[in-house]
Amino acid sequence: MGNIAMNTEDRQYPPLLETKLYIPQPRSDLVRREHLLDRLNKNIDKKLTLISAPAGFGKTTLLSEWISLFEIQAAWISLDQGDSDPIQFIQYLIAAFHSIHVNIGRAASSMLQSPQKPPIESIMINLIKEVSDISNNCVMVLDDYHAIDTKQIHNIVEMLLDYLPMQIHLVIATRVDPPLSLARLRGRNQLAELRAADLSFTHSETTVFLNIMMNLGLSRQEISVLETRTEGWVAGLQLAALSMQSRDDISEFIKTFAGDDRHIVDYLVEQVLNQQSQPIQDFLVQTCILTRLSGPLCDFVTGQKNGQEMLVDLERANLFIFPLDNKRCWYRYHHLFADLLHARLRHSKRKKEAELHMRAAEWFARNKLVAEAVEHTISAGNYEQAALLVEHNTFGLLSQGKLNTLLKWVRTLPKEVARRRPWLCIYQAWALCFAGQFNDVAPLLKDAERCMHLTASKQDSNLGDIVQQEMMGNIAAIQAHISVLSGDFHQAIEYANLAIETLPKSSLFPCSVAHWALGIGNYLNGDIEIARHSLAEVVKLGRAMDNVWTTVTGLTDLASVHQIQGQLSQTATLCREALQLATECGAQSLGYMGRVEAKLADVLYEQNELVAAKNYLTDSIEKAHRWKNPNHFVYSYCLLALVLRAQGNLKGSFDVLMEADHIRGKFPILPVLESMLEKCNVRLWLSQNNMKPIEHWAEENDIKDAKRNDASFKISKDKKQMLITLARVFIATDNADKALNILKHLGGDAESEKRIGVLIEILILQALALQALNKKTSALKVLERALALAEPGGYVRVFVDEGPSIAILLEKLLNDKAGVSRAYVNKLLSAFQVDKLIQTQDGLVEQLSDRELEVLRLIAAGLSNKKIAEALFVSLSTVKTHLRNIYGKLNVHSRTEAIAKAKKLEIL
Amino acid sequence: MEKQNVWHGPANYQIKVKGRLGSQWSDWFGGMAVESEGAVTTLTGQVLDQSALHGLLARVRDLGLPLISVNLVESRQKHNKNTMWAKFGWI
């Protein structure tokens, strides 16, 4: 069971995210670097342009000018140190592509909403497929790529490089050569590079900058000195220019500068700073700890009221500050500048630094930007406070399914601090539990239990007990969940009951998990009534929490219970409800929904609604391909094989089943699905009267008589379905008594466990076996019982699929017994008729094409050939050709016949 | 001589960079001693572990200081050993 955010508000990007996607605007005082812009333009047809140079070489500036000047369609992502989560990185990519083309990213986005993240490759493949729809050339910029040190993110970028269509050009700006396959790209001439040497100012650029842009009126000699001293380093030159701007003694400055061998930035920043007024200096030093600045934030940190004014002034004075949006809301300092200021602050006023961090933290906390608040609190060295912050805010994350964020926050805390706080251990355990990392959960729970007593004892006794109860309940719920997923159903039930007992009623989320575990545990290995009750409770709790994922999971699993109990209409209703809910949240293309669709198709097939079943299966199979879940594949394919067979397409049926077999050969699948696959194979062989493989299979799977007669011989549930198939085979091979033997035991179990669906199948086979042994009366009696059980759910195929022998029995019942439901039996018999038609030569020889179907529909609507031609924009002769083909496929000779047959075969 | 666990544990490093920085930079570099001779600055001191070392190098990088060398320094007898001797009055 999982938990995801499916509320619409969550899909709006918070303001800080926008700043990461903002394309920086070029500044007016720039030197136009023609030769570099030229190179960028020339290489736009290559896969990657790499701009790799240390800080202060004007990488960002160059790119922003290029994009603006040549009106390049671009998406931009500014990365920083916190960007270590591959899922979040993909979200940035989606958001960035979305800014270019509005339709991009919906499917990929929904894939990210599931707590069980699909493999990153499938998300990326889907995203790249969507991106291929962008028709015009565009550029994706990843700025400050050196901030990334997660292998998974590098892998994602490699995928982009491998599979992005030609019209998308990637640009990476970084201070460090990224660990990507640069050599390979270079070899294929797919890489363009701009390095420090390229980005250094040339002599003429230096001259233009100093004398024209900055209007300093320097001599050739002076320019030369500066050039040497800064070695063409752009940031150095900018700082030097800034220092000289408001001076009278420029020559003096240059002489001193040249003579001083202090590191340029260190020297110059000091110069620049000393020239500013005291208020500005104070402002700079105080706000340098902020990675992003806004007026209100600065005010809070400095205690002044002129934040916004200051920022605007700084920008105007070109004091290394850049806007991060076009509303002049958020800014950032140039990294070098900020680092230098920060170093000064740390050296001179260490305590003050911590204070400033705490103030920033408070502002962020008040504005619900918890991640930043936690970061600053930790920078202030205030770990306990940070832990408290995280604790107060993580529960919301949990019930919204934001597991990655939750884990990220907790992991920013020092390990020892997190370990001592039981709630943090519990939240982490939840997150890891849903992420499937079970091994890491146990130690966390141990830590939680250990320090639980410490926390509880600190508060007053009443509160202590309640809190302890809640913690214990959470731990039990987690254990229950894990037990279910590791197959230990007894344990799952125990833990679930414990959790339900201990948890307070208000703990909706852990309660829902406990009830789910109780439901599944019982469904698979216990009392089906309890299962139904528990899963209904899950749905209730899911709705109370407004958590769509919990509700959807509850509905689906509840549907399974109803299916077992033979209540097919309820099953279908619940499946439809689940699909509806998911669609309302845009999550309809999640892999899990494919399971729901398959289940619905299962029911529809049983009720003989073949076309509807096929439609759902098509959607389901498409998801199976996308999400690559072998169990899902096999389930859907088996059902499709059955549908095709029922529609008379035996060859198609075999093809599909072969694919399913192929998958079973390559991947491990659930035993219950293995049995289903076997059942389908046997059915198909029986349809063809192909006895050899059937006999072979029977030999392989037959249990020795002695064992079978032993009452204490426990058959696992999965084996039971196989035995039913075996019984079917025995009947077909004239071993009806052997069949009866098996069915007796199985029937008894099915009765006591109240598994009606299975019981119906067993009873029908019993009837057939008895008929084969000439025990007509008993056969009819058993069949009557089967009918009574099957009618409420509208079962059809369980009868029809067994073949014409059942039809004979049914007809007999109709004639002999008065109390039998005539309507139902007649319905079954007419289904047999259609089946017979299909299975014989009178059936559909070949499927109608879409076009032919269209023509057929128009015929049924009463249109003449001429009108049909008009409606479909084709010639009259084309329509006549279609008609000929339709007649051939349906084996008819007139329009009326065609319509009648099509209706019978449920094509119309 | 005490063996340093270079992988997981603290170790002493000496990092030389091109450019002159004053000793007031010590705090920024995690308490390392900052000494300069001419146009070369040497950072010396204990680094918590490899991750911390790379973090330090990133700081150096981000200030635009070209790296000259990074050396692992074998430590001499640690202080705590001396105190132990002192404790038992052997010194």
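As the structure is a computational prediction, the values presented were derived from the model and not from experiment.

S.K.: Got a minute to help me understand the overall build of chain A in this structure?
M.R.: Looking only at helices and strands, chain A features 49 helices and 8 strands. Principal-axis analysis of the C-alpha atoms gives chain A an extent of 120 × 85 × 45 Å. A buried classification covers 56% of the 908 residues belonging to chain A. Once local pairs closer than 6 in sequence are excluded, the contacts in chain A between residues at least 24 apart make up 68%. Distance between charge centres in chain A, computed from 100 positive and 104 negative side chains, equals 4 Å.

S.K.: Honestly, the overall build of chain B in this entry has me stumped. Any pointers?
M.R.: Per the secondary structure count, chain B includes 2 helices and 4 strands. In sequence order, the secondary structure elements of chain B are arranged as β-β-β-α-β-α. Relative to its 91 residues, chain B shows a buried fraction of 31%. Put simply, 64% of the contacts in chain B that link residues at least 6 apart link residues at least 24 apart. As displayed, chain B offers around 5800 Å² of accessible surface, 56% of which is attributable to carbon and sulfur atoms.

S.K.: For this particular structure, what's the right way to read the sheet that holds strand β8 (residues 330-333) of chain A?
M.R.: As a general point, the strands of a sheet are linked pairwise by backbone hydrogen bonds and lie either parallel or antiparallel. Residues and elements named next belong to chain A. With antiparallel pairing, 3 strands are arranged side by side in an open sheet as β6-β8-β7. A strand with exactly one partner marks an edge of an open sheet, and here the two such strands are β6 (293-294) and β7 (321-323). Judged from the 2 bridges that link them, β6 and β8 form a sheet pairing that is antiparallel. Residue pairing in the sheet places S294 in a bridge with W330 of β8.

S.K.: Got a minute to help me understand the nonpolar core in this structure?
M.R.: As a rule of thumb, soluble globular proteins bury nonpolar side chains together. All names here are of chain A. Among the nonpolar cores identified, the biggest contains 175 residues, and L142 and F799 are the most heavily contacted of them. Ranked by residue count, the leading element in this core is helix α34 (residues 630-646), at 12 residues. Excluding residues that lie within four positions of it along the chain, L142 makes contacts with I77, L79, F89, V157, L170, V171, I172 and A173. In terms of nonpolar packing, the next biggest core, distinct from the first, is built from 148 residues, L268, L340, L341 and V417 among them.

S.K.: Quick question: what am I supposed to make of helix α2 (residues 34-42) of chain A here?
M.R.: Note that an α-helix has 3.6 residues per turn; residues three or four places apart therefore point the same way. All names here are of chain A. For α2, the set of buried residues is L36, L37 and L40. Down the axis of α2, the buried set is contained in an arc of 100°. They therefore lie on one face. Where α2 is buried, its residues meet β1 (48-52), α3 (59-69), β5 (191-195) and α9 (196-199).

S.K.: Help me understand the interface of chain A and chain B in this model?
M.R.: Each partner contributes to the interface: chain A provides 19 residues, whereas chain B provides 16 residues. A combined buried area of about 1600 Å² lies between chain A and chain B, and 54% of that area is made up of carbon and sulfur atoms. Where chain A packs against chain B, one counts 1 salt bridge. Across the pair B:D62 and A:R175 runs a salt bridge whose closest N-O atoms are separated by 2.5 Å. Where chain A touches chain B, the interface holds 6 residue pairs in polar contact (both at pLDDT 80 or more). Going through the elements one at a time, α14 (264-275) and α18 (335-348) of chain A are the ones with two or more residues in the side of chain A that touches chain B. In terms of residue count, the dominant contributor to the side of chain A that touches chain B is α18(A) (7 residues).

S.K.: Which parts of the structure should I look at to understand the packing of helix α48 (residues 876-890) of chain A against helix α49 (residues 895-904) of chain A?
M.R.: In helix packing, the relevant descriptors are the interaxial angle and the interaxial distance, both defined with respect to the helix axes. All names here are of chain A. Contact geometry of α48 with α49 gives a least axis separation of 10 Å together with a crossing angle of 55°. Comparing the axis directions of α48 and α49 gives the class oblique. Like other packed secondary-structure pairs, α48 and α49 cross with a definite hand, here left-handed. For the pair formed by α48 and α49, the contact residues are L883, Y887 and L890 on the first element and R895, A898, K901 and A902 on the second. Residues belonging to the contact of α48 with α49 are distributed by class as follows: 5 nonpolar, no polar and 2 charged.

S.K.: Sorry, what's going on with the sheet that holds strand β3 (residues 40-47) of chain B here?
M.R.: All names here are of chain B. The antiparallel open sheet is built from 4 strands, whose spatial order is β2-β3-β1-β4. At either margin of the open sheet sits one strand with a lone partner, and together these are β2 (33-37) and β4 (67-73). Strand-to-strand twist of the sheet, defined as the mean angle between neighbouring strand axes without regard to direction, takes the value 15°. Along the sheet, helix α1 (residues 50-62) makes contact with β1 (11-18), β3 and β4, crossing β1 at roughly 15°.

S.K.: What is the right way to read the pattern of salt bridges from this model?
M.R.: When charged atoms on two side chains of opposite charge get close, those side chains can pair. Residues and elements named next belong to chain A. Within this structure, the stated rule accounts for 47 salt bridges over all chains. One salt bridge in this structure joins K42 and D38, with 3.2 Å as the shortest N-O distance. You can see K42 and its partner D38 sitting in helix α2, 4 residues apart, about one turn around the helix. In this structure K42 comes out as exposed when scored by relative accessible area, which is 62%. The shortest N-O distance in the salt bridge between E753 and R755 comes to 3.0 Å. With relative accessibility at 8%, the residue R755 sits in the buried group. Via salt bridges that share partners, K679, R683, R728, E761 and E802 belong to a single interconnected network.

S.K.: Before we go on, may I ask you to explain the packing of aromatic side chains in this structure?
M.R.: Ring pairs (aromatic) are described by centroid distance and by the angle formed between their planes. The final tally for this structure, using the stated rule, is 16 aromatic pairs over all chains. Where A:F57 meets A:W233, the ring centres are 6.5 Å apart and the plane angle is 45°; that geometry is what we call tilted. Taken together, the residues A:F57 in the loop between β1 and α3 and A:W233 in the loop between α11 (220-230) and α12 (234-245) connect sequence positions 176 residues apart. The class of A:W233 is buried, set by a relative accessible area of 7%. Of note, B:R59 hangs over the ring of B:W28, and the distance from its end group to the ring centre comes to 4.2 Å.

S.K.: Help me understand helix α19 (residues 350-366) of chain A in this model?
M.R.: All names here are of chain A. Look at α19: 25 Å from first C-alpha to last across 17 residues, which is about the 24 Å you get at 1.5 Å a residue. Within the sequence span of α19, burial applies to E353, L356, H357, A360, A361, W363 and F364. What you see down the axis of α19 is that its buried residues fit within an arc of 165°, all on one side. In α19, the exposed positions angled more than 90 degrees off the buried face are occupied by K351 and R366. Buried residues along α19 sit against α15 (278-287), β6, α16 (295-302), β8, α18 and α20 (370-379). Phi turns positive one or two residues past the end of α19, at K368, with a value near 60°.

S.K.: Looking at this model, I keep getting lost on the pairing of β2(B). Mind explaining?
M.R.: Along any regular strand the residues' side chains alternate between the sheet's two faces. Residues and elements named next belong to chain B. Across 5 bridges, the pairing between β2 and β3 is antiparallel. Across the sheet, A33 pairs through a bridge with T44, a residue of β3. Hairpin connection between β2 and β3: a loop of 2 residues separates the two successive antiparallel strands, and G38 in this loop has a positive phi of roughly 65°.

S.K.: Can you help me understand the side chain of A:R683 in this one?
M.R.: Tracing the sequence through the fold places A:R683 in helix α36 (residues 671-688). The contacts of A:R683, once residues within four sequence positions are left out, are A:L642, A:R645, A:R728, A:D801 and A:E802.

S.K.: Would you take a moment to explain the confidence of the model for chain A for this structure?
M.R.: Residue and element names in this part refer to chain A. When the pLDDT values of chain A are averaged, the result is 86; 93% of them are 70 or greater. Summarising per-element confidence for chain A, the mean pLDDT is lowest in helix α38 (residues 705-709) (52) and highest in β1 (96). Taken as a whole, residues 1-14 scores under 50 in pLDDT and shows 44 contacts with residues more than four places along the chain or in a different chain.

S.K.: How do you make sense of unusual backbone geometry when you look at a structure like this?
M.R.: Negative phi values dominate among residues other than glycine, just as trans dominates among peptide bonds. All names here are of chain A. Even without being a glycine, D546 presents a positive backbone phi close to 60°. Relative to the helices and strands, D546 is located in the loop between α29 (528-545) and α30 (548-564). Judged by its relative accessible area of 55%, D546 falls in the exposed class. Its identity is not glycine, yet N608 carries a phi of approximately 70°, on the positive side. As for its placement among the helices and strands, N608 is situated in the loop between α32 (591-606) and α33 (610-627).

S.K.: Looking at this model, I keep getting lost on the environment of A:S122. Mind explaining?
M.R.: Residue and element names in this part refer to chain A. If you trace the backbone, S122 turns up in helix α6 (residues 120-131). Accessibility expressed as a relative area gives 4% for S122, which makes it buried. Counting along the chain gives 261 residues from S122 to Y383, while the straight-line C-alpha distance between them is 39 Å. With near-sequence residues (within four places) excluded, S122 lies in contact with M111 and R626.

S.K.: Honestly, the environment of A:G473 in this entry has me stumped. Any pointers?
M.R.: Residues and elements named next belong to chain A. Tracing the sequence through the fold places G473 in helix α26 (residues 461-485). The exposure class of G473 is buried, given its relative accessible area of 0%. In the structure, G473 is positioned 27 residues away from I500 in sequence and 7.1 Å away in space, judged by C-alpha atoms. Residues contacting G473, with those up to four places away along its chain left out, are A499, T502 and L503.

Parameters and conventions
- Residues numbered from 1 in each chain as written.
- Chains lettered and ligands numbered in written order.
- Predicted model: local features only at pLDDT ≥ 70, side-chain atom pairs only at ≥ 80, totals over all residues.
- Heavy atoms only, no water.
- Helix = DSSP H or I, 4+ residues; strand = E, 2+ residues; numbered from the N terminus.
- Buried < 20%, exposed > 50% of the residue type's maximum accessible area, 1.4 Å probe, protein only.
- Contact = heavy atoms within 4.5 Å.
- Lys, Arg positive; Asp, Glu negative; His and termini not counted.
- Charge placed at Lys NZ, Arg CZ, Asp CG, Glu CD.
- Areas by Shrake-Rupley, 256 points an atom, 1.4 Å probe, with all protein chains shown as cover.
- Pairing = 2+ DSSP bridges.
- Core = buried A, V, L, I, M, F, W, Y, C linked by side-chain atoms within 4.5 Å.
- Arc of directions from axis to C-beta.
- Buried area = accessible area lost by both parts, 1.4 Å probe.
- Salt bridge = Lys/Arg side-chain N within 4 Å of Asp/Glu carboxyl O.
- Polar contact = N/O pair within 3.5 Å; in protein donor to acceptor, adjacent residues only side chain to side chain.
- Axes fitted to C-alpha atoms, helices over the stretch in contact; angles between N-to-C directions.
- Parallel < 35°, antiparallel > 145°, perpendicular 65-115°, else oblique.
- Left-handed = near helix turned anticlockwise from the far one by under 90°.
- Nonpolar A, V, L, I, M, F, W, Y, C, P; charged D, E, K, R; others polar.
- Phe/Tyr/Trp six-rings, centres within 6.5 Å; stacked < 30°, edge-to-face > 60°.
- Lys NZ or Arg CZ within 6 Å of the ring centre and 35° of its normal.
- Expected span 1.5 Å × (residues − 1).
- pLDDT = per-residue confidence, 0-100.

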